[in-house]
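Reading the structure
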Amino acid sequence: MGDLHCTRASEGAFQPLFGKVGESADVLVLCGDLTDYGTPEEARVLARELGATKIPKVAVLGNHDFESGASAEVARILADAAGVIVLDGTAVEVLGVGFAGVKGFAGGFGERALQSWGEEPIKAFVRAALDEALKLETALARLRTPGRVALLHYAPIGETVGGEPTEIFPFLGSSRLEEPLDRYRVNAVFHGHAHRGSPEGRTKGNAPVYNVAMPVLAAAFPDQPPFRVIEVPVGEPVHA
Ligand SMILES: [Fe+2]
Ligand SMILES: [Fe+2]
């Protein structure tokens, strides 16, 4: 799940949901925008809410978690107070499944993606997206498990932002993230950020991509609580 946008007023609001996740899944994956303004106070509220389930928790931060300039503290609070493994170009193996995580960045999709050309601020913007793609590749390269899951905040393909106003597509993700996902043949990709996007798509290499932003899941599956449960193969690490 993603885009919880936890605020100071969220005390008690997420506990029943996390309790249900714990009954349905072995690992909780959180795809960024965990807090609304990225304040330590919001992170402390979320950490207490996450106490409702004891299953392992793996997360990436989203753009909202950076808003107050305290992203490192937000990550530390979630790690120390709730045991969340916060990934940022890093990877972890949990219960025999590999997880690689990165926030990602914007820039658009396919042939119409922003190119590194012209003014320095444009080049810096594109560089930020390229850096995130490189971090994703580095994280995926570390995994030796047969089952591999990638978690992002920004979308790696245009398909799962479909439903959003087309004017903002370039701000919702970057297809520069797609190539590493296919090269390392991930079993599943989760992202958020596009609150009005579509719940499912595929990379060019046919990896399933799930937009798990809570508003997307609430709209697409109104009869279910806003999280997806996906099965991935479990096994011993493969040593190349
Ligand atoms: Fe969000
Ligand atoms: Fe976001």
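Higher on the page you've got the structure.
This write-up is about the structure you can find in this document. Quick caveat: nothing in here was measured; it's all calculated off a predicted structure.

1. Quick look at the environment of glutamate 137
- For glutamate 137, the location among the structural elements is in helix α4 (residues 120-142).
- Spatially, the C-alpha atom of glutamate 137 lies 26 Å from that of phenylalanine 227, the residues being 90 residues apart in sequence.
- Not counting residues up to four positions away in its chain, the partners in contact with glutamate 137 are Pro180, Arg183 and Tyr184.

2. Thoughts on the coordination of the iron ion (ligand 2)
- Here the iron ion (ligand 2) is held by Asp33 (OD), Asn63 (OD1), His153 (NE2) and His193 (ND1), and the distances to it run 2.1 to 2.2 Å.
- Here the iron ion (ligand 2) binds 4 donor atoms, and the angle range of 88 to 154° at the metal identifies the geometry as irregular.
- Sequence spacing among the residues donating to the iron ion (ligand 2) works out to D-x29-N-x89-H-x39-H.
- Here the iron ion (ligand 2) and the iron ion (ligand 1) are spaced 3.5 Å apart, linked through aspartate 33, which binds each one. Of this pair, histidine 153 sits in the loop between β6 (147-152) and α5 (178-183) while histidine 193 sits in the loop between β7 (188-191) and β8 (200-202), and the two are 40 residues apart along the sequence.
- Given the relative accessible area of 0%, histidine 153 is considered buried.

3. Concerning helix α2 (residues 40-50)
- The buried fraction of α2 is high, at 8 of 11 residues.
- Turning to α2, its buried residues number three or more, namely Pro40, Glu42, Ala43, Val45, Leu46, Ala47, Glu49 and Leu50.
- Residues of α2 that are buried sit in contact with α1 (15-24), β1 (28-31), β2 (57-60), α3 (71-82) and β3 (84-86).

4. Overview of the coordination of the iron ion (ligand 1)
- Bound to the iron ion (ligand 1) are the protein donor atoms Asp3 (OD), His5 (NE2), Asp33 (OD) and His195 (NE2), situated 2.0 to 2.2 Å from the metal.
- Its 4 donor atoms give the iron ion (ligand 1) angles of 86 to 171° at the centre, a pattern that matches the irregular case.
- Taken in sequence order, the residues that donate to the iron ion (ligand 1) follow the motif D-x1-H-x27-D-x161-H.

5. A look at the nonpolar core
- Among the nonpolar cores identified, the biggest contains 26 residues, and Met1, Leu4 and Leu50 are the most heavily contacted of them.
- Elements represented by at least two residues in this core include exactly α1, β1, α2 and α3.
- For leucine 4, the contacting residues outside a window of four places in its chain are Phe14, Phe18, Leu30, Gly32, Asp33, Leu34, Leu46 and Met214.
- Of all hydrophobic cores here, the second largest spans 17 residues; its members include Val27, Val29, Cys31 and Leu151.

6. Digging into the sheet that holds β8
- Pairing within the open sheet is mixed, and its 6 strands lie in the order β4-β5-β6-β7-β9-β8. Two strands close off the open sheet at either side, each with one partner strand: β4 (90-94) and β8. Neighbour-to-neighbour, the strand axes of the sheet open up by a mean angle of 25°, direction not taken into account.

7. Some words on the packing of aromatic side chains
- Applying the stated rule across the entire model yields 4 aromatic pairs.
- With 6.0 Å between their ring centres and 55° between their planes, phenylalanine 105 and tyrosine 154 make a pair best called tilted. Pair noted here: phenylalanine 105 is in the loop between β5 (97-102) and α4 and tyrosine 154 is in the loop between β6 and α5, with a separation of 49 residues, a long-range link. Neither residue differs from the other here; phenylalanine 105 and tyrosine 154 are each classed as buried.

8. Regarding the pattern of salt bridges
- Inspection of the entire model under this criterion finds 11 salt bridges.
- Between glutamate 11 and arginine 48 there is a salt bridge, and its shortest N-O distance comes to 3.1 Å. Residue glutamate 11 is found in the segment before α1, and its partner arginine 48 is found in helix α2; the two are separated by 37 residues along the sequence.
- A relative accessible area of 47% places arginine 48 in the partly exposed class.

Scoring rules and cut-offs
- Residues numbered from 1 in each chain as written.
- Chains lettered and ligands numbered in written order.
- Predicted model: local features only at pLDDT ≥ 70, side-chain atom pairs only at ≥ 80, totals over all residues.
- Heavy atoms only, no water.
- Helix = DSSP H or I, 4+ residues; strand = E, 2+ residues; numbered from the N terminus.
- Contact = heavy atoms within 4.5 Å.
- Donors = N, O, S within 2.8 Å, 3.2 Å for Na, K, Ca; no water.
- Tetrahedral: all angles 85-135°; square planar, octahedral: opposite > 155°, others 65-115°.
- Buried < 20%, exposed > 50% of the residue type's maximum accessible area, 1.4 Å probe, protein only.
- Core = buried A, V, L, I, M, F, W, Y, C linked by side-chain atoms within 4.5 Å.
- Pairing = 2+ DSSP bridges.
- Axes fitted to C-alpha atoms, helices over the stretch in contact; angles between N-to-C directions.
- Phe/Tyr/Trp six-rings, centres within 6.5 Å; stacked < 30°, edge-to-face > 60°.
- Salt bridge = Lys/Arg side-chain N within 4 Å of Asp/Glu carboxyl O.

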